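Residues per chain, in single letters:
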Amino acid sequence: MFPINDHVDLLIEVLQRLDARSLGAAACVCRQWCSIVRNDSLWEHLCFRQLSPPPSVGTRSVVLALGGYRRLYMVCVRPVVSRLKAGGVWNQREMELSLSLFCVEYYERLLGGGESPAKSLRFLCNAVNVGV
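For clarity, every value in this text was computed on a predicted model and none was experimentally measured.

About the criteria used
Position numbers for residues count from 1 along each chain, tracking the sequence in the order it is written. With pLDDT at 70 or above as the cut-off, local features in this predicted model cover only qualifying residues; side-chain atom pairs require 80 or more to be listed or tallied, and sums for whole chains, interfaces and linings still use all residues. Side-chain figures throughout are based on the complete set of non-hydrogen atoms in the structure, without hydrogens or water. By definition, any uninterrupted DSSP run of H or I lasting at least four residues is a helix, any uninterrupted run of E lasting at least two residues is a strand, and each is numbered from the N terminus. Classification of residues uses two cut-offs on accessible area relative to the type maximum, computed with a 1.4 Å probe and protein chains only: under 20% is buried, over 50% is exposed, and between them is partly exposed. The contact criterion used throughout is that any non-hydrogen atoms of two residues lie within 4.5 Å. Any carboxyl oxygen of Asp or Glu within 4 Å of a side-chain nitrogen of Lys or Arg constitutes a salt bridge here. In this description, a nonpolar core means a group of buried Ala, Val, Leu, Ile, Met, Phe, Trp, Tyr and Cys residues linked to one another through side-chain atoms lying within 4.5 Å.

S.K.: Looking at this structure, I do not really get the side chain of Gln 16. What am I missing?
M.R.: In this fold, Gln 16 is placed in the loop between helix 1 (8-15) and helix 2 (20-26). Overall, Gln 16 belongs to the buried group, its relative accessible area being 19%. The residues contacting Gln 16, other than those within four sequence positions of it, are Leu 42, His 45 and Arg 49.

Okay, here's the thing in structure tokens:
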């Protein structure tokens, strides 16, 4: 038997290949896995897995200032990916749009006292009829 918990670097490699739902389930395995799943670098990898080319160095500081990559994924990336369902590669503009929406949500929470979720991002959850 191979004790995966003794090889954290290998465990991180395996967890980086999971989707968000599977990461949530992995966090329930044990405390060590939970602490690894909470690591922001794992969520950074998940956010930018579908991005080509990789984001600029300045992106990291903005995301961390606004709550981290797990929050970015939950607020912006997950709704967009679930709507697209294509699994394609994002370009730089799509990533910038996602980051901009993340900033909007953060400032709306900040100005609104953090009581309610941002109203301007709710359109991501609604079906869009593009027919004429």
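S.K.: So what exactly am I meant to see when it comes to the environment of Cys 30 here?
M.R.: Its place among the elements puts Cys 30 in the loop between helix 2 and helix 3 (31-37). Since its relative accessible area comes to 27%, Cys 30 is described here as partly exposed. Through-space distance from the C-alpha of Cys 30 to that of Asn 5 is 9.8 Å; in sequence the pair is 25 residues apart.

S.K.: Would you explain the pattern of salt bridges in this entry?
M.R.: Think of it this way: side chains of opposite charge can pair up when their charged atoms draw near. Under the counting rule described, the total for this entry stands at two salt bridges. Residue Arg 17 pairs with Glu 13 through a salt bridge whose shortest N-O separation is 3.9 Å. Of the residues examined, Arg 17 reaches a relative accessible area of 64% and is grouped as exposed. In this structure, Glu 44 engages Arg 60 in a salt bridge whose closest nitrogen and oxygen atoms are separated by 2.7 Å. Pair noted here: Glu 44 is in helix 4 (residues 40-48) and Arg 60 is in helix 5 (residues 57-65), with a separation of 16 residues, a long-range link. With a relative accessible area of 33%, Arg 60 lands in the partly exposed category.

S.K.: What is the right way to look at the nonpolar core in this model?
M.R.: One recurring pattern in soluble globular proteins: nonpolar side chains tend to sit buried together. In this structure, Leu 15, Val 37, Trp 43, Leu 72 and Phe 102 are the most contacted members of the largest nonpolar core, which totals 26 residues. Listed by contribution, the elements that provide at least two residues to this core are helix 1, helix 2, helix 3, helix 4, helix 6 (69-84) and helix 7 (92-111). No other element matches helix 6, which puts six residues into this core. Not counting residues up to four positions away in its chain, the partners in contact with Leu 15 are Leu 23, Ala 26, Ile 36, Val 37 and Leu 42.

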